[in-house]
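Summary of the model geometry
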Amino acid sequence: MSAPSSGTRTFHMIEAVADRFEGAPRQLRRRWSDDFKARAVAETLEPGSSVSAIARRLDIHPSQLFGWRRAALGPHKESTGSSGHQAVTPSAGVAIIEVLIGDVVVRAPVDADEAHLQRVIRAVRSA
């Protein structure tokens, strides 16, 4: 027979220390400039662009680019007008230029590449 229990329990404390696995690569946080983020977001706003494809090309995770895009657009969402072109209203504090073509407004960051902006304007005019 076993001895009667006295009602006390014994616990052993185990100390757990978070550490890197041996041989695991060290990853430092990368930082991107506001200019880089603005150009990346502007590229995602082009008609027919793929956020995931752009993120792969820029070597960032798509969710990060979607986050930058959401932050740039602020509480406003993309709205598609009757012409099918998207008009995007960025949050306050973002320096942008606006080009009105018929009933379509093209908005771009002030430092947008001129050749790229010309291609966008030609595309809107031909649609």
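Residues numbered from 1 in each chain as written. Predicted model: local features only at pLDDT ≥ 70, side-chain atom pairs only at ≥ 80, totals over all residues. Heavy atoms only, no water.

For the protein chain, per-residue confidence averages 74 on the pLDDT scale, and 69% of positions sit at 70 or higher. When pLDDT is averaged over each element of the protein chain, helix α2 (residues 51–58) comes out on top at 90 and strand β1 (residues 79–80) at the bottom at 42. (pLDDT = per-residue confidence, 0-100. Helix = DSSP H or I, 4+ residues; strand = E, 2+ residues; numbered from the N terminus.)

What follows deals with the environment of I101. Locating I101 in the fold gives a position in strand β3 (residues 96–101). Residue I101 is classed as buried on the basis of its relative accessible area of 16%. Aside from chain neighbours lying at most four places away, what touches I101 is V106, I121, V124 and R125. (Buried < 20%, exposed > 50% of the residue type's maximum accessible area, 1.4 Å probe, protein only. Contact = heavy atoms within 4.5 Å.)

Right, let's talk about the pattern of salt bridges for a bit. Evaluated as defined, the whole model comprises two salt bridges. For the salt bridge of R39 with D35, the shortest nitrogen-to-oxygen distance reads 3.1 Å. Highlighted residues: R39 and D35, both in helix α1 (residues 34–44), separated by four residues, approximately one helical turn. (Salt bridge = Lys/Arg side-chain N within 4 Å of Asp/Glu carboxyl O.)

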